[in-house]
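# Tertiary structure, described
In case you want the letters, here they are:
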Amino acid sequence: MIDFAALMEYAFENRLYESEIHGIEHWHQVEFNGLLLAPKTGADIDVVRLFALFHDCRRLDDRHDAGHGPRAAEFAKLCREEKRFEIDDGRFDLLYRACDLHTSTPRTGNPTIDTCFDADRLDLGRVGFKLDPNRMATEWGAKIARKSLTSGVSVFHMREWIRSIQL
């Protein structure tokens, strides 16, 4: 059993940069997006939830921080070594790779990792970007992106819209 609330609090308290753009609201939305996608993609829900809280916790700023994914992966590794959460090696490898690669790799072909990527990408409206179906890693992420483009929803209301859609 993973105590996600305690782990999120620990990650938040130990983040490297206090961000409004990549902060706790974003982490919660990534978790929501991942939980929306996971039943359709077959992704491991615990890995998706762990990704949501680790993937941006090691950012140095809100600009292009190419090293934040690898730093997040290493922080997740440290937390596991400290027994802050327990998952088997195979599932941890998925989490590590998802964090490490989430800004540098378009898709991997692994449903769990790709669901993590899309859970993050589906929250790009918060920074003014329309969702691009061609940049999604899963079929379901692409479907949501296509639907967003035909719905007329403002990018700045994307979170509310995603929370209201039925898949």
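The following refers to the structure shown. Just so it is clear, the model here is predicted, and its values are computed rather than measured.

Inspection of every chain in the model, using the stated rule, returns 6 aromatic pairs. Here the aromatic rings of F92 and Y96 are separated by 6.1 Å at their centres, their planes lie at 55°, and the arrangement is tilted. Taken as a pair, F92 and Y96 lie in helix 5 (residues 89-101) at a separation of 4 residues, close to a single helical turn. Using a relative accessible area of 22% as the deciding quantity, one classes Y96 as partly exposed.

Quick look at the layout of surface pockets now. What the largest pocket holds in volume is close to 730 Å³. Taken together, 29 residues line the largest pocket, and the ones lying closest to its centre are H102, T103, D120, R121 and L124. For the lining of the largest pocket, the class distribution of residues is 8 nonpolar, 9 polar and 12 charged. Contributing to the lining of the second largest pocket are 17 residues, with E20, I21, E25, R126 and R159 lying nearest its centre.

Scoring rules and cut-offs
- Residues numbered from 1 in each chain as written.
- Predicted model: local features only at pLDDT ≥ 70, side-chain atom pairs only at ≥ 80, totals over all residues.
- Heavy atoms only, no water.
- Phe/Tyr/Trp six-rings, centres within 6.5 Å; stacked < 30°, edge-to-face > 60°.
- Helix = DSSP H or I, 4+ residues; strand = E, 2+ residues; numbered from the N terminus.
- Buried < 20%, exposed > 50% of the residue type's maximum accessible area, 1.4 Å probe, protein only.
- 1 Å grid on protein atoms, 1.4 Å probe; cavity = no way out; pocket = protein on both sides within 12 Å on 5 of 7 lines; lining within 4 Å.
- Points joined across faces, edges and corners; volume = space filled by probe spheres on them.
- Nonpolar A, V, L, I, M, F, W, Y, C, P; charged D, E, K, R; others polar.

Keep in mind these numbers describe shape, not what the thing actually does.
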